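Here are the chains, one letter per residue:
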Amino acid sequence: TGVVTYDPGFMNTANTKSAITYIDGAEGILRYRGYPIEQLAEHSSFLEVAYLLIYGELPTDGQLNDWDQNIRSHTMLHEDLKSFFSGFPRDAHPMPVLSSAVSALSTFYADSLDPFDEEQVHISTIRLMSKLPVIAAYAFKKSLGQPMLYPDNSLNLTENFLRLCFGVPAEAYELDDDVVKALDRLLILHADHEQNCSTSTVRLVGSSHANMFASISAGINALYGPLHGGANEAVLNMLRQIQTEGLEPETFMDKVKNKEDGVKLMGFGHRVYKNYDPRARIAKAAADEILGKVKGGDELLDIAIRLEERALADEYFIERKLYPNVDFYTGLIYKAMGFPEKMFTVLFALGRLPGWIAQWREMIEDKSTKIGRPRQVYTGEVQRDYPGI
Ligand code: CMC
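Below is a short write-up of the structure. Per chain, the residues get numbers from 1 upward, laid out in the order the sequence is written. It should be noted that, the model being predicted, local features are given only for residues of pLDDT at least 70 and side-chain atom pairs only at 80 or more, the latter also being counted only at that level, while totals for whole chains, interfaces and linings use all residues. Only hydrogens and water are removed before side-chain values are computed, so all heavy atoms of the structure are retained for them.

1. Some words on the overall build of the chain
A count of helices and strands for the chain gives 17 helices and 3 strands. Note that the radius of gyration is over C-alpha atoms, with the globule rule given as 2.2 Å times the number of residues to the power 0.38. The globule rule puts the C-alpha radius of gyration for 389 residues at 21 Å, and the 22 Å found for the chain is close to it. If one aligns the C-alpha atoms of the chain with their principal axes, the spans along those axes are about 65 × 55 × 50 Å. For every residue, the accessible area (1.4 Å probe, protein chains only) is compared with the maximum for its type, and the residue is labelled buried under 20%, exposed over 50%, or partly exposed between those bounds. Per-residue burial for the chain yields a buried fraction of 50% across its 389 residues. Taking the contacts inside the chain whose residues are at least 6 apart along the sequence as the reference set, 75% of them involve residues at least 24 apart. About 19,000 Å² of surface is accessible on the chain, with carbon and sulfur atoms providing 50% of the total. One finds the centroid of the 39 positive side-chain charges in the chain at a distance of 4 Å from the centroid of its 53 negative side-chain charges. Numbering of helices and strands runs from the N terminus; a helix is a DSSP stretch of H or I covering at least four residues, while a strand is a stretch of E covering at least two. Contacts between residues were defined by any pair of non-hydrogen atoms, one from each residue, lying within 4.5 Å. Computed with a 1.4 Å probe, the accessible areas rest on the Shrake-Rupley method; for each residue, only the protein chains presented here act as cover. Under the counting rule used here, the positive set is Lys and Arg, the negative set is Asp and Glu, and His together with the chain ends is not counted. Charge positions come from single atoms, namely NZ of Lys, CZ of Arg, CG of Asp or CD of Glu.

Right, dumping it as C-alpha cells:
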C-alpha cells in the first residue's frame, strides 16, 4: 500500500530481518552468528558450522556427535531416486541434475513436508544434509560413466562425498587428509552469505509455504547462473581461455575495461563487498598451499595472480571498488582436487546448503513473514479497446 519504491536488483531494499550472517561490505567482514569467518575456517569443521548456522549456537561435544551420526545414518537414496540419474543425457550439467533430484525428494518424503511441524522440519533438515552430497556425487559419476558407490557411513559428510566422487568398486579408496581438510574449509567459506540471489530465492519460494525441498531446489537453480555460483566455473574457463589463446593478462584486462563483448573479469566484484572479500583471502591462501603441492605449481594460478595484481592497481577496478570474490580462487583448488569445471558450482551448493536451510527455517519461524510479492512500475499501455480481428 502507499508509495511503491522502484529498486531494481533490490539494491537498497531489506526484505527480511535475520540473525544468521553479518556482513560489513565496506570493511570486508563476514561473521556467522557473530563468529568471524577466519576463526571458523581455521578451527571449526563444516558440520559444526552447519549446526551453528541452523541452530544458532555452537554445538557441545555430544550435540555435534549426535548431529554427525544422524547425518551419517540418512545417506542412502531410495533406489527409485537413483534410477533418476540414468534418465538424463550423459553430458548433463550436474547442477540441473542436482536441483531436479532435490525437487524430487518431496515426492519420496511426501508425508513429512509440513513447514510448521517441528519434527518434519527436523527430518527434512537431516535428509537434505545427508543426501545432497550423495546426489551430487551420483551426478558426477553419471557424467563419468562410472558406477555409483553406496555411501560408507563410517565416514563423515566430507569424507563420504570425496569417496563417492573418486572411489570405484574395484579398489579401496584412500582418503587424502589434506584434501579432506581443504574441501571442508571451502565448504565452511560457502556455508552462508545472507540475502544473496539463491538464498533470497529459497526464502521467496518458501514464503508461499512451499516445502524445504522445493524451496532449496529453486535456490540451486538460482545458484547455477554465472553471475552467482556459476562464477567459479566461469573463472576457470576464463583462465583457460587466456592460457590457450596465449593472451597476456594485460591484453585481457584491456578487453574487460573496454567492455568488449560484455567481457567481465569473472570472480571479481560483489554487490556487498566494496573491499577484499574475506573468503577470497582464505581461498587464495588455500590455493597457494594445495597448488604448491602439485608438481610444478599451476600455470593457471600464475595467470590468476597476475590478473589480480593488475586489477588491484588499475583505475577502472579501484574506482568501482572491484576486488576478488570467493569464486576467484576456489575453482583452482577444486581442479587440483580432481574435480572438472562442471562440478564447481555443485561444490558451492553443498557448502551453501546449511545456509539455505537456516534461512528457510528462520523465515518459517518468523511470525511476521508474509508471502514475498514485489510490486512493479507498470510501463505498458494504460487502456485500449479491443478492435476485433
Ligand atoms: N569485471 C568488470 N567490470 C565489472 C565487474 C567485473 N567482474 N563487476 C562489476 N563491474 C563493473 C560493472 O560493469 C559496472 O561498471 P559501470 O559502472 O561502468 O557500469 C560496475 O562495475 C558496477 O557493477 P554492477 O554490475 O552494477 O554491480 P552489481 O552489484 O550489480 O553486480 C556482480 C555484482 C557480482 C554480479 C558483478 O560484480 C559481476 O558480474 N561479477 C562477475 C561475476 C562474479 O564473479 N560473480 C560472483 C559473485 S560472488 C559469489 C556469488 O555470489 O556467487
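2. So, a nonpolar patch on the surface
Taken together, the side chains of V4, Y6 and V377 present a nonpolar region at the surface, about 310 Å² in accessible area. For V377, the location among the structural elements is in the segment after α17 (344–365). We classify V377 as partly exposed; its relative accessible area is 48%. Candidate patch residues must exceed 30% relative accessible area and have no salt bridge, after which like charges are joined if within 9 Å and Val, Leu, Ile, Met, Phe, Trp or Tyr side chains if within 5 Å. A carboxyl oxygen of Asp or Glu within 4 Å of a side-chain nitrogen of Lys or Arg is what we treat as a salt bridge.

3. Regarding the pattern of salt bridges
A full pass over the atoms with the stated rule returns 12 salt bridges. The salt bridge involving R279 is made with D277; its shortest N-O contact spans 2.7 Å. Residue classification places R279 among the buried residues on the basis of a relative accessible area of 2%. D277 sits in the buried class, given a relative accessible area of 1%. Here K335 makes a salt bridge to D298, at a shortest N to O gap of 3.0 Å. One end of the pair, K335, is in helix α16 (residues 327–337); the other, D298, is in the loop between α13 (278–293) and α14 (299–312), with 37 residues separating them in the sequence. Given a relative accessible area of 15%, D298 falls into the buried group.

4. Things to note about the side chain of H193
If you trace the backbone, H193 turns up in the loop between α8 (177–190) and α9 (197–206). Its relative accessible area of 4% is what places H193 among the buried residues. Ignoring sequence-local partners within four residues, the contact set of H193 consists of T21, I23, L30, H270, Y273, R279 and R352.

5. Focus: the packing of helix α11 (residues 231–244) against α14
Two numbers describe a pair of packed helices, the interaxial angle and the distance between the axes. Running from N to C, α11 and α14 cross one another at 100°; their axes reach a closest spacing of 10 Å. Relative to α14, the element α11 is oriented roughly perpendicular. In contact with M238, L239, R240, I242 and Q243 of α11, α14 contributes E299, L300, I303, A304 and L307. Residue classes in the contact of α11 with α14 are distributed as 7 nonpolar, 1 polar and 2 charged. In this analysis an axis means a line fitted to C-alpha atoms, helices contributing only their contacting stretch, and an angle means the value between N-to-C directions, from 0 to 180 degrees. For classification purposes, angles smaller than 35 degrees are called roughly parallel, those larger than 145 roughly antiparallel, those between 65 and 115 roughly perpendicular, and all remaining angles oblique. Only Asp, Glu, Lys and Arg are considered charged in this grouping, and only Ala, Val, Leu, Ile, Met, Phe, Trp, Tyr, Cys and Pro are considered nonpolar; every other residue, Gly among them, is considered polar.

6. Considering the packing of aromatic side chains
Each pair of aromatic rings is reported with the distance of its centres and the angle of its planes. Put simply, two rings from Phe, Tyr or Trp (the six-membered ring, in Trp's case) pair if the centres are within 6.5 Å, and we call them stacked under 30 degrees between planes, edge-to-face over 60, tilted for the rest. Enumeration over the complete set of coordinates arrives at 15 aromatic pairs. Ring geometry for Y316 versus F317: centroids 5.1 Å apart, planes at 65°, classification edge-to-face. Using a relative accessible area of 2% as the deciding quantity, one classes F317 as buried. Grouping aromatic residues by their ring pairs yields a cluster made of F268, Y316, F317, F328 and Y329. Two conditions define a charge located above a ring, namely a distance within 6 Å from the ring centre to NZ of Lys or CZ of Arg, and an angle within 35 degrees of the ring normal. Its guanidinium or amino end placed over the ring of Y276, R281 lies 4.5 Å from that ring's centre, counting from NZ or CZ. Here the basic side chain of R320 rests over the ring of Y316, its NZ or CZ set 3.8 Å away from the ring centre.

7. Here we look at the site of the ligand
As a matter of local geometry, the ligand sits amid 21 residues, with K259, K264, L265, R271 and Y316 nearest to it. Between the ligand and the protein, one listed contact pairs an oxygen atom with a side-chain N or O atom of K264 at 2.6 Å. Contacts described as polar in this section are N or O atom pairs within 3.5 Å, which, within protein, must combine one atom able to donate a hydrogen with one able to accept it, while residues neighboring in sequence count only if both atoms come from side chains. At 2.9 Å, a side-chain N or O of N325 approaches an oxygen atom of the ligand. Out of a free accessible area of 940 Å², the ligand has 74% covered by protein chains. For the shell around the ligand, the class distribution of residues is 10 nonpolar, 6 polar and 5 charged. Proximity is defined per residue: any heavy atom of the residue falling within 4 Å of a molecule or strand makes that residue near it.

8. Notes on helix α5 (residues 94–108)
Expected helix span is computed as 1.5 Å times (number of residues minus one). In this model α5 runs 21 Å from its N-terminal to its C-terminal C-alpha over 15 residues, within 8% of the 21 Å that 1.5 Å per residue would give. Buried within α5 we find P94, M95, V97, L98, S99, A101, V102, A104, L105 and S106. In this fold, the buried residues of α5 make contact with α4 (79–82), α6 (118–144), α10 (212–223) and α17.

9. A few points about the pairing of strand β1 (residues 21–24)
On β1, burial follows the alternation: T21 and I23 on one face are buried, whereas Y22 and D24 on the facing-out side are not. We call two strands paired when DSSP finds no fewer than two bridges between them. As paired elements, β1 and strand β2 (residues 29–32) share 4 bridges and run antiparallel to each other. Residue pairing for β2: D24 is matched across the bridge by I29. Taking the residues between adjacent antiparallel strands as the criterion, β1 and β2 are bridged by 4 residues, where G28 takes a positive phi near 70°.

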